[in-house]
Amino acid sequence: MVVIGKKEGFITPDKKVFNFINKNNLINNVIFTGYVEDQYLPDIYQKAKMFIFPSLYEGFGLPILEAMASKTLVLSSNLTSLPEVSLDNALYFNPLDTEELKDLIVKEIYSDNSIKIELAYNHSKKFTWQKSAEEHINIFEKVI
């Protein structure tokens, strides 16, 4: 398993995770990459079997859209704005229910998700920086 980002300095660090990794001798099976520059993310997403996003506090969901744009299956937290952004194009789980997440991962590892991945890829194309800029300009013009 590869965890993108550093393990030190999580906004909500959970020492139990690191204790579990050490106690179960998984240190060689879980990689914390540290900071990854944006230019490398598409390659990482494309090589992943799935992208798991157990966020409790995400504001929009850009990482989910990046994974979808890279044709990677998305398993997402069902909290915050994530279902609103992804609609039916991700598989959702309660990020506080580890058994639910484990069951979903095991089920999806052996599933053919090619149709869901293609639909998610098409969904991700609806979100562009150009469109975002145009919508912001429209809002600013209405306010002014």
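Residues numbered from 1 in each chain as written. Predicted model: local features only at pLDDT ≥ 70, side-chain atom pairs only at ≥ 80, totals over all residues. Heavy atoms only, no water.

Over its twelve residues, helix H5 (residues 98-109) extends 16 Å from the first C-alpha to the last, a length consistent with the 16 Å expected when each residue adds 1.5 Å. Among the residues of H5, those classed as buried are Leu101, Leu104 and Glu108. Buried residues of H5 fall within an arc of 65° about the axis and therefore sit on the same side. Exposed and oriented more than 90 degrees from the buried face of H5 are Thr98 and Lys107. Where H5 is buried, its residues touch strand S3 (50-53), strand S4 (73-77) and strand S5 (91-93). Here H5 starts with a cap whose side-chain oxygen sits 3.2 Å from the backbone nitrogen of Glu99, and that cap is Asp97. (Helix = DSSP H or I, 4+ residues; strand = E, 2+ residues; numbered from the N terminus. Expected span 1.5 Å × (residues − 1). Buried < 20%, exposed > 50% of the residue type's maximum accessible area, 1.4 Å probe, protein only. Arc of directions from axis to C-beta. Contact = heavy atoms within 4.5 Å. Polar contact = N/O pair within 3.5 Å; in protein donor to acceptor, adjacent residues only side chain to side chain.)

Before going further, it helps to spend a moment on the packing of aromatic side chains. One pass over the full model with this rule turns up four aromatic pairs. Here Tyr45 and Phe51 contribute two aromatic rings whose centre-to-centre distance is 5.4 Å and whose plane-to-plane angle is 80°, an arrangement assigned as edge-to-face. By relative accessible area, Phe51 is classed as buried at 15%. A ring pair is formed by Phe60 and Phe127, whose centres lie 6.1 Å apart and whose planes are at 65°; its orientation type is edge-to-face. One end of the pair, Phe60, is in the loop between S3 and helix H3 (62-69); the other, Phe127, is in the loop between helix H6 (114-124) and helix H7 (129-143), with 67 residues separating them in the sequence. Here Phe60 falls in the partly exposed class, since its relative accessible area comes to 41%. For Lys71, the ring lying beneath its charged end belongs to Tyr121, and the centroid distance is 4.5 Å. (Phe/Tyr/Trp six-rings, centres within 6.5 Å; stacked < 30°, edge-to-face > 60°. Lys NZ or Arg CZ within 6 Å of the ring centre and 35° of its normal.)

A grouping of Val2, Ile4, Ile31, Tyr40 and Ile44 is seen on the molecular surface, where their side chains present a nonpolar patch of about 440 Å² in accessible area. Mapping Tyr40 onto the fold places it in the loop between strand S2 (31-32) and helix H2 (41-47). Using a relative accessible area of 45% as the deciding quantity, one classes Tyr40 as partly exposed. (Patch = residues over 30% accessible without salt bridge, like charges linked within 9 Å, V, L, I, M, F, W, Y side chains within 5 Å. Areas by Shrake-Rupley, 256 points an atom, 1.4 Å probe, with all protein chains shown as cover. Salt bridge = Lys/Arg side-chain N within 4 Å of Asp/Glu carboxyl O.)

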